[in-house]
Amino acid sequence: MIARLDGVLIERDPPNVIVDCGGVGYDVTCSSFTLAGLPSDGERVTLRVYTHTTRDAQVTLFGF
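These numbers come from a predicted model, not from an experiment. (Residues numbered from 1 in each chain as written. Predicted model: local features only at pLDDT ≥ 70, side-chain atom pairs only at ≥ 80, totals over all residues. Heavy atoms only, no water.)

Enquirer: Explain the pairing of strand β3 (residues 24–30) to me, and be specific about the residues and the numbers.
Expert: Bridge analysis of strand β2 (residues 16–21) against β3 gives 6 bridges, and the strand direction is antiparallel. Bridge assignment links Asn16 to a residue of β3, and that residue is Thr29. Hairpin connection between β2 and β3: a loop of 2 residues separates the two successive antiparallel strands, and Gly22 in this loop has a positive phi of roughly 65 degrees. For β3 and strand β5 (residues 59–63), the ladder comprises 3 bridges, and the chain directions are parallel. Paired with Val28 across the two strands is Leu61, which belongs to β5. (Pairing = 2+ DSSP bridges. Helix = DSSP H or I, 4+ residues; strand = E, 2+ residues; numbered from the N terminus.)

Enquirer: Please provide a residue-by-residue account of the environment of Gly63, values included.
Expert: Note on placement: Gly63 falls in strand β5. Excluding its chain neighbours within four sequence positions, the residues that come into contact with Gly63 are Val28, Thr29, Cys30, Thr34 and Arg48. (Contact = heavy atoms within 4.5 Å.)

Enquirer: How would you explain the pattern of salt bridges if you had to name every residue and give the values?
Expert: One pass over the full model with this rule turns up 2 salt bridges. Between Asp6 and Arg44 there is a salt bridge, with its nearest N and O atoms 3.2 Å apart. One end of the pair, Asp6, is in strand β1 (residues 4–13); the other, Arg44, is in strand β4 (residues 44–53), and 38 residues separate them in sequence. (Salt bridge = Lys/Arg side-chain N within 4 Å of Asp/Glu carboxyl O.)

Enquirer: Now, about the nonpolar core: what can you tell me, with residues and values included?
Expert: Looking at soluble globular proteins, one finds that nonpolar side chains tend to be buried together. Ranked by internal contacts, the top residues of the largest apolar core, which has 13 residues, are Val17, Val19, Val28, Cys30, Leu38, Val45 and Leu47. When contributions to this core are tallied by element, the ones reaching two or more residues are β1, β2, β3 and β4. The residues touching Val17, leaving out its near neighbours within four places in the chain, are Leu9, Glu11, Arg12, Tyr26, Asp27, Val28, Cys30, Leu35 and Leu38. (Core = buried A, V, L, I, M, F, W, Y, C linked by side-chain atoms within 4.5 Å. Buried < 20%, exposed > 50% of the residue type's maximum accessible area, 1.4 Å probe, protein only.)

Enquirer: Describe unusual backbone geometry, naming the residues involved and giving the relevant values.
Expert: In this structure, the amide linkage connecting Pro14 to the following residue, Pro15, adopts the cis form with an omega of 10 degrees. Among the secondary structure elements, Pro15 is positioned in the loop between β1 and β2. Look at Ala57: it is not a glycine, yet its phi comes out positive at around 70 degrees. Summarising the element assignment, Ala57 is placed in the loop between β4 and β5.

Next comes the structure, spelled out in structure tokens:
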């Protein structure tokens, strides 16, 4: 389970962002409130994460 991400915000495509953590890009879904509070692309970011897994093994990360 992924509970926290600390890395560089590299891309935004609302409602999703991509956070690069040590060379791995995590696709994270965020609320508009969270998106508004994020730093600019290329800046360091830390997100608390809820990892949601469905029955068909699809994994979605929700960032706060």
